[in-house]
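Geometric and topological summary
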Amino acid sequence: MSQALGWAVAAALVIGAVLAARLLLSTVTVRGGSMTPTLHHGDVLLVLRHRRRARPGRLVVVQRPDRHTGWNGPIDPSGAAGWYVKRVVAATGDPTPPWVAGDRPGRVPPGMLVLRGDHPSSEDSKQWGLCPADRMYGVVLLRLRTGDERATA
């Protein structure tokens, strides 16, 4: 293989990796305090756009529920409705916690999640019930940058 061809292959691989990462990864900036003390307003999170990795303990980004229909309304893939960052408390097959609003089956049904914010006044499954997994944008991988509130404190 000639050196020029080797460089072209390497460049194509790098470009392919960057494009794949762009399709699978994104950043989300936390707005509000529903996840304090874990996350704070202004924190920037790296999110893997993947639904199958939602399991108890993980932080996820989900579509904000509609004020009238909750998570039963139409799906908004554009994100115009806004997003919530919440912790998965229970997933398919796990026992349904007693504090979940609405119809509470004994176990979380397939394709559903129980979500909760880390702050006691968080809006989550306490108010909105089970969240369909198809409302999930992705799983939080890590915090890239600390928010403004703590940086100036």
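Residues numbered from 1 in each chain as written. Predicted model: local features only at pLDDT ≥ 70, side-chain atom pairs only at ≥ 80, totals over all residues. Heavy atoms only, no water.

Here we come to the sheet that holds strand β7 (residues 136–145). As summarised here, the arrangement of the seven strands in space is β1-β2-β7-β3-β4-β5-β6, forming an open sheet in which the pairing is antiparallel. The open sheet has two edge strands with one neighbour each: β1 (25–29) and β6 (131–132). Sheet analysis places β1 next to strand β2 (residues 44–48), joined by five bridges and oriented antiparallel. When the bridges of β2 are listed, valine 28 appears paired with leucine 45. (Pairing = 2+ DSSP bridges. Helix = DSSP H or I, 4+ residues; strand = E, 2+ residues; numbered from the N terminus.)

This part is about unusual backbone geometry. Backbone torsion omega between threonine 36 and proline 37 reads 15°, so that peptide bond is classified as cis. Relative to the helices and strands, proline 37 resides in the loop between β1 and β2.

With 14 residues, the main nonpolar core has Val60, Val62, Trp71, Leu113, Leu115 and Met136 as its most contacted residues. Sorting the residues of this core by element identifies β3 (59–63), β4 (83–90), β5 (112–116) and β7 as the ones contributing at least two each. If you look at the next biggest cluster of nonpolar residues, it comprises 10 residues, including Val28, Val30, Leu45 and Val47. (Core = buried A, V, L, I, M, F, W, Y, C linked by side-chain atoms within 4.5 Å. Buried < 20%, exposed > 50% of the residue type's maximum accessible area, 1.4 Å probe, protein only.)

Looking now at the packing of aromatic side chains. On inspection of all chains with the given rule, the structure shows one aromatic pair. A centroid spacing of 5.0 Å and a plane angle of 45° characterise the contact between tryptophan 83 and tyrosine 137, whose relative ring orientation is tilted. Of this pair, tryptophan 83 sits in strand β4 while tyrosine 137 sits in strand β7, placing them 54 residues apart in sequence. The ring of tryptophan 99 carries the charged tip of arginine 116 above its face, separated from the ring centre by 4.3 Å. (Phe/Tyr/Trp six-rings, centres within 6.5 Å; stacked < 30°, edge-to-face > 60°. Lys NZ or Arg CZ within 6 Å of the ring centre and 35° of its normal.)

For the rest of this paragraph, the subject is the side chain of threonine 96. If you trace the backbone, threonine 96 turns up in the loop between β4 and β5. The exposure class assigned to threonine 96 is buried, which follows from its relative accessible area of 11%. A polar atom in the side chain of threonine 96 sits 2.7 Å from the backbone oxygen of proline 105. For threonine 96, the side chain forms a polar contact with the main-chain nitrogen of valine 108, separated by 3.4 Å. Filtering out sequence-adjacent residues up to four positions away, threonine 96 remains in contact with Arg104, Pro105, Gly106, Arg107 and Val108. (Polar contact = N/O pair within 3.5 Å; in protein donor to acceptor, adjacent residues only side chain to side chain. Contact = heavy atoms within 4.5 Å.)

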